There are 2 protein chains.
Amino acid sequence: LSRLPGIGRRSGERMAIKLVHDPVLLRDLTQALREATEELRCCSRCGAITRASEDPCRLCTDHRRDDALLCVVEDPSDIVLIEKSRGFNGRYHALMGRLSPMNGKGPADLRIEPLLRRVAEGKVTEVLLALNTDVESDATAGYLCHLLKDRKVKVTRLATGLPAGSGVMYADPLTLARAIEGRQPV
Amino acid sequence: LSRLPGIGRRSGERMAIKLVHDPVLLRDLTQALREATEELRCCSRCGAITRASEDPCRLCTDHRRDDALLCVVEDPSDIVLIEKSRGFNGRYHALMGRLSPMNGKGPADLRIEPLLRRVAEGKVTEVLLALNTDVESDATAGYLCHLLKDRKVKVTRLATGLPAGSGVMYADPLTLARAIEGRQPV
């Protein structure tokens, strides 16, 4: 349990002890994990989490979504968050991570080849790199941008700026500088 | 002391007791407050905090700054933050608040007339509304935008989006939707 993200050794121990003392919880969790193993897959096309019986996933097969706009995310869970924001109606592509030389993660470990194949199909006109905004993600974005340069697609990134419902006084200097740089006409 | 922002009754009491027991601190604070009263002003042109002997302030008189770009902020302290970000090299204009009907603050309570006069001088080509991103500030931005509509200036706002060094997973749905909407070409 302590190998799960955000769980330390002590928390893992407490969870384990709780499970030993609560057979119903243990049974439910065992069953849920078995079901997850059997029934959940990453979509072979976009990488989103989907049922084994739905591959390609619903997001890939929904005809109301825009084939011309492809949103590249690091992690399948980001797709869930972007869907919740209701701000996007194109297709997705999860890289399953980002370039991280310190952790031995290079281009071959990411779903970059499948991305280039999807772009080569010709339907995509814009690739939105919805990656994080730290150093490794910036490097990944730069690398992808380089690969996509000659592919006749527009490459965009998420806006960097003030969060909604926030203020100038809560922004760090770098975010503020980027918000000024990326200012938008009203 | 408890009337200061962020200070509750209990914190105010603790500060007061500390001051009574520390005559040096009391003297220094008294002196600093007297100096502030005598020596600090809001610049008559932009509203930034300046020495009484420097009005208009250094930001208004610095010839290296761009007269064509005018950054409108709610509070003089925002000017300090934007200067720290090193992302802006135009002139400033502090409104001294924002429209807030709930607190009885209307257009006449803000430095809107001086703003329109500055724009009417003709040097300004872009007004950057560096206001906060909550409801009252949005309303203020909308009002200013309406007033500036016929003035032949471009009106822009700070980008809304992910903070620098952050990630998709930490963004709330509204910020994420705005970051997608305001996506920028790489």
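Since the model is a prediction, treat every value here as computed from it, not as a measurement.

Q: Help me out: how do you make sense of the packing of helix α5 (residues 112–120) of chain A against helix α6 (residues 135–148) of chain A in this one?
A: A pair of packed helices is captured by two measures, namely the crossing angle of their axes and the spacing between those axes. Residues and elements named next belong to chain A. One can describe the packing of α5 onto α6 by two numbers: an axis separation of 11 Å at closest approach and a directional angle of 40°. Looking at the two axes, α5 sits oblique to α6. The chirality of how α5 crosses α6 is right-handed. Between α5 and α6, the residues in contact are Ile 112, Leu 115, Leu 116 and Val 119 and Tyr 143, Leu 144, Leu 147 and Leu 148, respectively. Broken down by class, the residue content of the contact of α5 with α6 amounts to eight nonpolar, no polar and no charged.

Q: In this structure, what is going on with the packing of aromatic side chains? I would like to understand it.
A: Where two aromatic rings form a pair, the distance of their centres and the angle of their planes describe that pair. Residues and elements named next belong to chain B. Scanning all chains against the criterion turns up two aromatic pairs over all chains. Taken together, a centroid distance of 5.2 Å and an interplanar angle of 55° make the contact between Phe 88 and Tyr 92 tilted. The exposure classification of Phe 88 matches that of Tyr 92, with both residues buried.

Q: Just to check I follow, could you spell out the pairing of strand β6 (residues 154–157) of chain A for this structure?
A: Sheet faces and side chains relate simply in a regular strand, where the side chains alternate between the two faces. Two elements, strand β5 (residues 126–129) of chain A and β6(A), share four bridges in a ladder whose sense is parallel. Along β6(A), the bridge assignment pairs A:Glu126 with A:Lys154. Sheet analysis places β6(A) next to strand β7 (residues 184–185) of chain B, joined by two bridges and oriented antiparallel. If you follow A:Arg157 over to β7(B), its bridge partner there is B:Gln184.

Q: Can you help me understand the pattern of salt bridges in this one?
A: Pairing is possible between side chains that carry opposite charge, provided their charged atoms lie close to one another. All names here are of chain A. Under the criterion given, the structure shown has 32 salt bridges over all chains. For Arg 58, the salt bridge goes to Glu 54, with nearest N and O atoms at 3.0 Å. Among the ionic pairs, Asp 134 bridges to Arg 98, the shortest N-O distance being 2.8 Å. With Asp 134 in the loop between β5 and α6 and Arg 98 in the loop between β4 (90–94) and α5, this pair connects stretches of sequence that are 36 residues apart.

Q: Help me understand the sheet that holds strand β7 (residues 184–185) of chain A in this model?
A: Hydrogen bonds along the backbone pair up the strands of a sheet, which may run parallel or antiparallel. With respect to topology, five strands assemble into an open sheet ordered β7(A)-β6(B)-β5(B)-β3(B)-β4(B), the strand pairing being mixed. Since the sheet does not close on itself, it has two edges, and those belong to β7 of chain A together with β4 (90–94) of chain B, each with one partner. Pairing analysis gives five bridges linking strand β3 (residues 66–73) of chain B to β4(B), with the strands arranged parallel. Bridge pairing links B:Leu70 to B:Arg91 in β4(B). Sheet strands in contact with helix α6 (residues 135–148) of chain B are β3, β5 (126–129) and β6 (154–157) of chain B, and its direction is about 170° off that of β6(B).

Q: How should I be thinking about the relation of the copies chain A and chain B in this particular structure?
A: Here two copies of a chain appear, and what relates them is a rotation about an axis with a shift along it. Rotating chain A by 180° about the axis while translating it 0.1 Å along that axis superimposes it on chain B, leaving an RMSD of 0.1 Å. One copy is carried onto the other by what is essentially a two-fold rotation axis. Residue A:Gly161 of chain A places its C-alpha closer to the rotation axis than any other residue of that unit, at 2.2 Å. When the interface residues of chain A are mapped onto chain B, 100% of them again fall at the interface, so both copies present the same face.

Q: How do you make sense of the environment of B:Thr160 when you look at a structure like this?
A: Relative to the assigned elements, B:Thr160 resides in the loop between β6 and α7 (173–181). Overall, B:Thr160 belongs to the buried group, its relative accessible area being 14%. Put simply, B:Thr160 and B:Gly87 are 73 residues apart on the chain and 16 Å apart in space, counted from C-alpha to C-alpha. Excluding residues that lie within four positions of it along the chain, B:Thr160 makes contacts with A:Ala159, A:Gly161, A:Leu162, A:Pro163, A:Ala164, B:Thr133, B:Arg178 and B:Ala179.

Q: Looking at this structure, I do not really get the side chain of B:Ser100. What am I missing?
A: Residue and element names in this part refer to chain B. Following the sequence through the fold, Ser 100 ends up in the loop between β4 and α5 (112–120). Overall, Ser 100 belongs to the buried group, its relative accessible area being 4%. Polar side-chain contacts of Ser 100 include one of 2.9 Å to the side chain of Glu 136. If near-sequence neighbours (up to four positions away) are discounted, Ser 100 is found in contact with Lys 105 and Glu 136.

Q: I keep staring at the side chain of A:Asn132 and nothing clicks. Help me out?
A: Examined against the element boundaries, A:Asn132 turns out to sit in the loop between β5 and α6. Here A:Asn132 falls in the buried class, since its relative accessible area comes to 6%. A polar atom in the side chain of A:Asn132 sits 2.9 Å from the backbone nitrogen of B:Val168. Not counting residues within four places of it along the chain, the set of residues in contact with A:Asn132 comprises A:Glu74, A:Arg98, A:Ser137, A:Asp138, A:Arg157, B:Ser166, B:Gly167, B:Val168 and B:Met169.

Q: Please clarify how the sheet that holds β6(A) should be interpreted in this entry.
A: In spatial order, the strands read β4(A)-β3(A)-β5(A)-β6(A)-β7(B); together these five strands make up an open sheet with mixed pairing. Looking at strand neighbours, the two that pair on one side only are β4 of chain A together with β7 of chain B, the edges of this open sheet. Of the pairings in the sheet, the one linking strand β3 (residues 66–73) of chain A to β5(A) comprises four bridges and is parallel in character. What sits directly across from A:Leu70, in β5(A), is A:Val127.

What counts, and where the lines are drawn
Residues numbered from 1 in each chain as written. Chains lettered and ligands numbered in written order. Predicted model: local features only at pLDDT ≥ 70, side-chain atom pairs only at ≥ 80, totals over all residues. Heavy atoms only, no water. Axes fitted to C-alpha atoms, helices over the stretch in contact; angles between N-to-C directions. Helix = DSSP H or I, 4+ residues; strand = E, 2+ residues; numbered from the N terminus. Parallel < 35°, antiparallel > 145°, perpendicular 65-115°, else oblique. Left-handed = near helix turned anticlockwise from the far one by under 90°. Contact = heavy atoms within 4.5 Å. Nonpolar A, V, L, I, M, F, W, Y, C, P; charged D, E, K, R; others polar. Phe/Tyr/Trp six-rings, centres within 6.5 Å; stacked < 30°, edge-to-face > 60°. Buried < 20%, exposed > 50% of the residue type's maximum accessible area, 1.4 Å probe, protein only. Pairing = 2+ DSSP bridges. Salt bridge = Lys/Arg side-chain N within 4 Å of Asp/Glu carboxyl O. Least-squares fit on C-alpha atoms with pLDDT ≥ 70 in both. Polar contact = N/O pair within 3.5 Å; in protein donor to acceptor, adjacent residues only side chain to side chain.

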